[in-house]
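Each chain is listed here by its residues.
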Amino acid sequence: MRALAKTAFVVFWLSACASTPPANTDDVYDPFESFNRKVYGFNNSVDRAIVGPVARGYIKTVPEPARDGVHNALVNANSTVTFANDILQGKPGRAAETFTRFLINTTIGLGGLFDVAGKSGLEGHTEDFGQTLGVWGMPMGPYFMAPFLGPTNLRDTAGGVVDNLFDPLTWVEFGVSDNLDLYLNGGLVVTNALDTRARLNDAFEALQDQPEPYTALRRAYSAGRKTAVRDGQPVDNPYDDLPDFDDFDDFEDEE
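Here the structure is a predicted model, which means the values were calculated and not measured.

J.: What am I meant to see in the overall build of the protein here?
T.: From N to C terminus, the protein includes twelve helices and two strands. Reading the protein from its N terminus to its C terminus gives the helix and strand order α-α-α-α-α-α-α-β-β-α-α-α-α-α. Counted over contacts in the protein with a minimum sequence separation of 6, partners at least 24 positions apart contribute 66%.

Okay, structure coming up:
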């Protein structure tokens, strides 16, 4: 049902976004900017009222080694998705690294709580089907802000549907309780969200200091996704399209 719901959401955006993107592919294609800004404002309010305080409380009360353990376990649990996309991107070497890391961290690392493979020099990486589509030349498509979930684009939304199919927990059913799989998946979603928000806390605060946070987030997200498709090779500056406020300072000095 979750996969079907996500598929329906993608179909909605495919039908709603059938328009021509701008000729300048360096610009972020944001045909729904007015709507997106309202959603950004809503998400920002939710973050200030609930998510941000919870994440900061998590940082203050849970020691960093424990938080790192949670993060490591979440990354390890996502190894099947990364492995599948390594294969689909035609990168057998990276797929072998992912598989080896999963074996080491699941066994010696106690289910992934400890990144034993990383400490041994086998650095990890993450891949998703949105990146896979980008590797094979599919453009990102329209940018939009999803309520509660934040920035995304058409390609990454479609990729999320496929990644859901790669995740074994999508298909596993537990005989102990009919709803145990739903509770487990729900717990993982909440834990992932908390872990991500806590690890990006400094970035969230820096974003609020920007003169145009919406534009900064839009460009940073899109640039980050381009970088991910290139396996970490940067492509542009997330803040290139922000005004140069030094020019305004110079103007005031002349007056």
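J.: Explanation requested: the pattern of salt bridges in the structure shown.
T.: Between side chains of opposite charge, pairing is possible as soon as their charged atoms come close. Applying the stated criterion to the full structure yields twelve salt bridges. When the shortest N-O distance is used, the salt bridge between E33 and R37 registers 2.9 Å. You can see E33 and its partner R37 sitting in helix α2 (residues 33–61), four residues apart, about one turn around the helix. Beyond isolated ion pairs, a larger network of salt bridges with shared partners links D30, E33, R37, E212 and R218.

J.: Please explain the environment of T106 as it appears in this structure.
T.: As for its placement among the helices and strands, T106 is situated in helix α5 (residues 92–107). Spatially, the C-alpha atoms of T106 and A77 are 8.9 Å apart, while their sequence positions differ by 29 residues. For T106, the residues in contact, after removing those within four places along its chain, are N76, R101, G111 and G112. Looking at T106, its side chain comes within polar contact range of the main-chain oxygen of F102, at 2.6 Å.

J.: What is the right way to look at the packing of aromatic side chains in this model?
T.: The description of an aromatic ring pair uses the distance of the two centres, along with the angle that the planes make with each other. With the rule as written, the count across this model stands at six aromatic pairs. With a centroid separation of 6.4 Å and an interplanar angle of 75 degrees, the aromatic rings of F129 and F166 are classed as edge-to-face. With a gap of 37 residues between them, F129 in helix α7 (residues 129–135) and F166 in helix α8 (residues 154–166) connect regions that are remote in the sequence. Judged by relative accessible area, F129 falls into the buried class, the value being 16%. An aromatic cluster of at least three residues, connected via ring pairs, comprises Y40, Y143, Y214 and Y221.

J.: Teacher, can you tell me more about the packing of helix α4 (residues 79–88) against α5 here?
T.: To describe two helices that pack against each other, one gives the angle between their axes and the distance between the axes. It is at 8 Å that the axes of α4 and α5 come closest, and there the two elements cross at 160 degrees. Between α4 and α5, the crossing angle belongs to the class labelled roughly antiparallel. In this structure, the crossing between α4 and α5 has a hand that is left-handed. On the side of α4, the interface is formed by S79, T82, F83, D86 and I87, while α5 contributes R94, A95, T98, F99 and F102. Across the contact of α4 with α5, the residue classes tally to five nonpolar, three polar and two charged.

J.: Mind showing me how you'd approach the environment of A220 here?
T.: By secondary structure assignment, the location of A220 is in helix α11 (residues 213–229). Counting along the chain gives 69 residues from A220 to P151, while the straight-line C-alpha distance between them is 9.9 Å.

J.: Would you mind showing me how to read unusual backbone geometry here?
T.: Glycine aside, a negative phi is what most residues show, and trans is what most peptide bonds show. With a phi close to 55 degrees, L110 is a non-glycine residue in the positive phi region. Structurally, L110 can be placed in the loop between α5 and α6 (116–119). One non-glycine residue, D231, lies in the positive phi region at around 55 degrees. One can find D231 in the loop between α11 and α12 (245–254). Classification of D231 as partly exposed rests on a relative accessible area of 33%.

J.: Where do I start with the side chain of D195 in this structure?
T.: Note that D195 resides in helix α9 (residues 180–199). For the buried residue D195, which engages in no salt bridge, the nearest side chain bearing the opposite charge is R199, 4.5 Å off. Ignoring sequence-local partners within four residues, the contact set of D195 consists of R67, H71 and L74.

About the thresholds
Residues numbered from 1 in each chain as written. Predicted model: local features only at pLDDT ≥ 70, side-chain atom pairs only at ≥ 80, totals over all residues. Heavy atoms only, no water. Helix = DSSP H or I, 4+ residues; strand = E, 2+ residues; numbered from the N terminus. Contact = heavy atoms within 4.5 Å. Salt bridge = Lys/Arg side-chain N within 4 Å of Asp/Glu carboxyl O. Polar contact = N/O pair within 3.5 Å; in protein donor to acceptor, adjacent residues only side chain to side chain. Phe/Tyr/Trp six-rings, centres within 6.5 Å; stacked < 30°, edge-to-face > 60°. Buried < 20%, exposed > 50% of the residue type's maximum accessible area, 1.4 Å probe, protein only. Axes fitted to C-alpha atoms, helices over the stretch in contact; angles between N-to-C directions. Parallel < 35°, antiparallel > 145°, perpendicular 65-115°, else oblique. Left-handed = near helix turned anticlockwise from the far one by under 90°. Nonpolar A, V, L, I, M, F, W, Y, C, P; charged D, E, K, R; others polar. Lys, Arg positive; Asp, Glu negative; His and termini not counted.

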